[in-house]
Amino acid sequence: MHDKLKENVYTASKHFMATGTDIFNRAEIIDTGGIETHNRIFEYPTYGDIDLYKCPDLKTMVQNQMKDGFKYVIFDLKETKFIDSSGIGALIQISGWLRRRGGELVVCNILESVKKVFEVTRLENHIRVSESNDEARNIIQTIIDATQR
């Protein structure tokens, strides 16, 4: 029991550090005023786990794309076998950033292990999921078409 507590304290401290960094940078993340957006789609193939260690890089990458005017993003998860709670939080946060700009996040090619996490956490209620890259592009194109009417 004592060893388990030690192990969890180490993990919890990493979560607190990541969250603290995120809160510190939040003003820069959300402030996209003055940036002209466009309807091009940024597609990103994820590699490896989406966890506490990868989340800051993933968020920074999306922020940089948003600074370039992107508001539609597709994450291809075919190379991702694991996602932890930090990864779930990052996807929800990224989706929120894009939606505030009138955009959308779509994830595709989800492996069974990640699909189970999406189902258990009901993440598919917050983030659009598609079976393929083509389907993801079609989802976004439908959104673009609907907003241009």
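Details of the structure are given in the entry above.
Model, not experiment: these values are computed from the prediction. (Residues numbered from 1 in each chain as written. Predicted model: local features only at pLDDT ≥ 70, side-chain atom pairs only at ≥ 80, totals over all residues. Heavy atoms only, no water.)

Q: Which residues make up the packing of aromatic side chains, and what are the values?
A: Across all of its chains, the model carries three aromatic pairs by this definition. Ring centres of tyrosine 44 and phenylalanine 75 lie 6.0 Å apart, and the angle between their planes is 65°; on these two criteria the pair is classed as edge-to-face. Placement of tyrosine 44 in strand E1 (residues 41–47) and of phenylalanine 75 in strand E2 (residues 72–79) is noted, with a sequence separation of 31 residues between them. (Phe/Tyr/Trp six-rings, centres within 6.5 Å; stacked < 30°, edge-to-face > 60°. Helix = DSSP H or I, 4+ residues; strand = E, 2+ residues; numbered from the N terminus.)

Q: Run through the sheet that holds strand E3 (residues 104–108), naming residues and quoting values.
A: The parallel open sheet is built from four strands, whose spatial order is E1-E2-E3-E4. Edge strands, defined here as strands with exactly one partner in the open sheet, are E1 and strand E4 (128–130). Direction aside, neighbouring strands of the sheet carry axes that sit 25° apart on average. When E3 meets E4, the two strands line up parallel, connected through three bridges. When the bridges of E4 are listed, cysteine 108 appears paired with serine 130. In the packing of helix H2 (residues 55–67) onto the sheet, contacts are made with E1 and E2, and the angle to E1 comes to roughly 165°. (Pairing = 2+ DSSP bridges. Axes fitted to C-alpha atoms, helices over the stretch in contact; angles between N-to-C directions. Contact = heavy atoms within 4.5 Å.)

Q: Run through the pairing of E2, naming residues and quoting values.
A: Within E2, six of the eight residues are buried, which leaves it mostly tucked inside the rest of the structure. Of the strand pairs in this sheet, E1 and E2 are connected by six bridges, and their pairing is parallel. Its bridge partner being in E2, phenylalanine 42 is matched across the sheet by valine 73. With H2 bridging E1 and its parallel neighbour E2, the resulting β-α-β unit is right-handed. Between the parallel pair E2 and E3, the chain is carried across by helix H3 (residues 85–100), and the sense of this crossover is right-handed. (Buried < 20%, exposed > 50% of the residue type's maximum accessible area, 1.4 Å probe, protein only. Right-handed = clockwise from strand over helix to strand, strands pointing away.)

Q: How would you summarise the environment of isoleucine 144 if you had to cite specific residues and measurements?
A: Position of isoleucine 144 among the secondary structure elements: in helix H5 (residues 133–147). Isoleucine 144 gets classed as buried once you look at its relative accessible area, which sits at 4%.

Q: Kindly report on the side chain of serine 130, identifying the contributing residues and their values.
A: With respect to the secondary-structure elements, serine 130 resides in strand E4. Under the relative-accessibility criterion, serine 130 is labelled buried at 3%. Here serine 132 takes part through its backbone oxygen, which lies 3.0 Å from a polar atom of the side chain of serine 130. Not counting chain neighbours up to four residues away, the residues in contact with serine 130 comprise Val106, Val107, Cys108, Asn109, Glu135, Ala136 and Ile139. (Polar contact = N/O pair within 3.5 Å; in protein donor to acceptor, adjacent residues only side chain to side chain.)

Q: Outline H3, supporting the account with residue identities and numerical values.
A: In a regular helix each residue adds 1.5 Å, so 16 residues correspond to 22 Å; H3 covers 23 Å between its end C-alpha atoms and thus fits that length. Listing the buried residues of H3 in full gives Ser86, Gly87, Ile88, Ala90, Leu91, Gln93, Ile94, Ser95, Trp97 and Leu98. Two to three positions downstream of the cap, the backbone nitrogen of serine 86 sits 3.0 Å from a side-chain oxygen, assigning the N-cap of H3 to aspartate 84. (Expected span 1.5 Å × (residues − 1).)

Q: So what's going on with the nonpolar core? Which residues, and what values?
A: In terms of nonpolar packing, the biggest core is built from 25 residues, with Phe75, Leu77, Leu91, Ile94, Leu105 and Phe118 touching the most fellow members. Only H2, E2, H3, E3 and helix H4 (112–121) provide two or more residues apiece to this core. At six residues, H3 tops the list of elements feeding residues into this core. Residues contacting leucine 105, with those up to four places away along its chain left out, are Val73, Phe75, Leu91, Ile94, Ser95, Leu98, Ile127 and Arg128. In this structure, Tyr72, Val106, Cys108 and Ile144 belong to the second largest nonpolar core, which totals nine residues. (Core = buried A, V, L, I, M, F, W, Y, C linked by side-chain atoms within 4.5 Å.)

By themselves, these observations are geometric and do not establish any function.
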